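An overview of the molecular structure
As a plain string of letters, each chain reads:
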Amino acid sequence: MDERDVRLLKAISDLGTGSPERLHEETDIPVSTIHYRLNSLREEGVIENDLYDLDLDALGLGVTVVTEVYTSYSGSYRGVAAELEAIEGVTQVFFTMGEYDFMVIAHLPDSDAVERLITDLEAVSEVDRTNSTFVTSRTKDTPRPLQTYSLDTLIDELVDEESE
């Protein structure tokens, strides 16, 4: 990636849109160059989709549960991860180092769904126990991690020296 790519990605994150016209206004990069760069970033797998962000509270999925999952398994962790990922409402699964093996985040409609989540997690044969925490308030929950960095930091950290 070069500096223009990083500037585009930061602008997409800050503006919440991939509109070439809006990106041009923000970055002064020509619209034709933006089209070319966006297509290249898609082909490289950096940009995965064009989905809109959703307000989970407005959608009715405002109950967030963070669950630590302790397991016993042999072989690769990927099989257990796939079972956890398949549970309805689970939006993120992390394989971790530490006391627990997995961290699972779910966005659910109500307490009945929380009960179902715990039941489904514990039905996975490799799961020994779980420890769940209700999120009472999301103080920071951005689907766009680039918003948390300054443009200068992103350029310093992400621009390939060879591309300059």
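That block above? That's the structure.
Residues numbered from 1 in each chain as written. Predicted model: local features only at pLDDT ≥ 70, side-chain atom pairs only at ≥ 80, totals over all residues. Heavy atoms only, no water.

What the rule picks out here adds up to nine salt bridges. When the shortest N-O distance is used, the salt bridge between D5 and R37 registers 3.1 Å. With D5 in helix α1 (residues 3-15) and R37 in helix α3 (residues 31-43), this residue pair connects regions lying 32 residues apart in the sequence. Across the pair E99 and R129 runs a salt bridge, and its minimum N-O distance is 3.6 Å. With E99 in the loop between β2 (90-95) and β3 (102-108) and R129 in strand β4 (residues 127-135), the pair connects residues that are 30 residues apart, well separated along the chain. In this structure E99 comes out as exposed when scored by relative accessible area, which is 56%. Relative accessible area serves as the criterion here: at 38%, R129 is assigned to the partly exposed category. Salt bridges here are not isolated pairs; linked through shared partners, they connect D2, D5 and R37. (Salt bridge = Lys/Arg side-chain N within 4 Å of Asp/Glu carboxyl O. Helix = DSSP H or I, 4+ residues; strand = E, 2+ residues; numbered from the N terminus. Buried < 20%, exposed > 50% of the residue type's maximum accessible area, 1.4 Å probe, protein only.)

Backbone geometry places D28, a non-glycine residue, at a positive phi of 65 degrees. For D28, the position within the fold is in the loop between α2 (20-27) and α3.

This paragraph deals with the nonpolar core. Formed by 19 residues in total, the largest nonpolar core has its most connected members in L84, I87, V90, F102, L108 and L117. Of all the elements in the fold, those that place two or more residues in this core are β1 (63-71), α5 (78-85), β2, β3 and α6 (111-123). The residues contacting L108, other than those within four sequence positions of it, are G60, L61, G62, V63, V65, E88, G89, A113, V114, R116 and L117. (Core = buried A, V, L, I, M, F, W, Y, C linked by side-chain atoms within 4.5 Å. Contact = heavy atoms within 4.5 Å.)

Take the side chain of T130 next. Relative to the assigned elements, T130 resides in strand β4. A residue is classified by how much of its surface remains accessible, and T130, at 18% relative accessible area, is buried. A polar side-chain atom of T130 sits 3.1 Å from a polar atom in the side chain of E122. Setting aside residues up to four positions removed in sequence, T130 forms contacts with T67, E68, V69, I118, L121 and E122. (Polar contact = N/O pair within 3.5 Å; in protein donor to acceptor, adjacent residues only side chain to side chain.)

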